[in-house]
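Listed below are the residues making up each chain.
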Amino acid sequence: MKIHAIVHKAEEVGFWAEVPSIPGGATQGETMEELRFNLQEAIEGCLSVPVEVPSAQSGDQVIELTL
């Protein structure tokens with residue numbers, strides 16, 4: 001799975017980034033290496049939050065995917 005992040009130069013030092021496809025997927029780092037590490041952790045944290053199982057209507061199916 002590939003996830004895109006938008007990297008911005010911070011006003012003072014370093015960088016900050018956001019992941020538009022993941023609500024709450026944002027972090028910062030003083031170097032690009034630190035930013036990449038922090039992004040990985042932020043994305044994993046956002047994706048590990050329990051999600052409410054949607055209710056299905058008659059004739060619908062709910063399936064679970066592991067990525």
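What you see is a predicted model; the values in this text were computed from it and never measured.

Cut-off values and rules
- Residues numbered from 1 in each chain as written.
- Predicted model: local features only at pLDDT ≥ 70, side-chain atom pairs only at ≥ 80, totals over all residues.
- Heavy atoms only, no water.
- Pairing = 2+ DSSP bridges.
- Helix = DSSP H or I, 4+ residues; strand = E, 2+ residues; numbered from the N terminus.
- Axes fitted to C-alpha atoms, helices over the stretch in contact; angles between N-to-C directions.
- Buried < 20%, exposed > 50% of the residue type's maximum accessible area, 1.4 Å probe, protein only.

The next point concerns the sheet that holds strand β1 (residues 6-9). Within a sheet, neighbouring strands are paired by backbone hydrogen bonds and run either parallel or antiparallel to one another. Read from one edge to the other, the open sheet built from three strands follows the order β1-β2-β3, with strand pairing classed as antiparallel. Of all strands in the sheet, those bounded by a partner on one side alone are β1 and β3 (26-29). Recorded for the sheet is a direction-independent mean angle of 20 degrees between the axes of neighbouring strands. Pairing of strand β2 (residues 15-18) with β3, which is carried by four bridges, proceeds in the antiparallel orientation. Pairing of F15 across the sheet is with G29, part of β3.

Before going further, it helps to examine the environment of E33. Mapped onto the secondary structure, E33 falls in helix α1 (residues 32-47). E33 sits in the exposed class, given a relative accessible area of 67%. C-alpha separation for the pair E33 and F15, spaced 18 residues apart in sequence, amounts to 10 Å.

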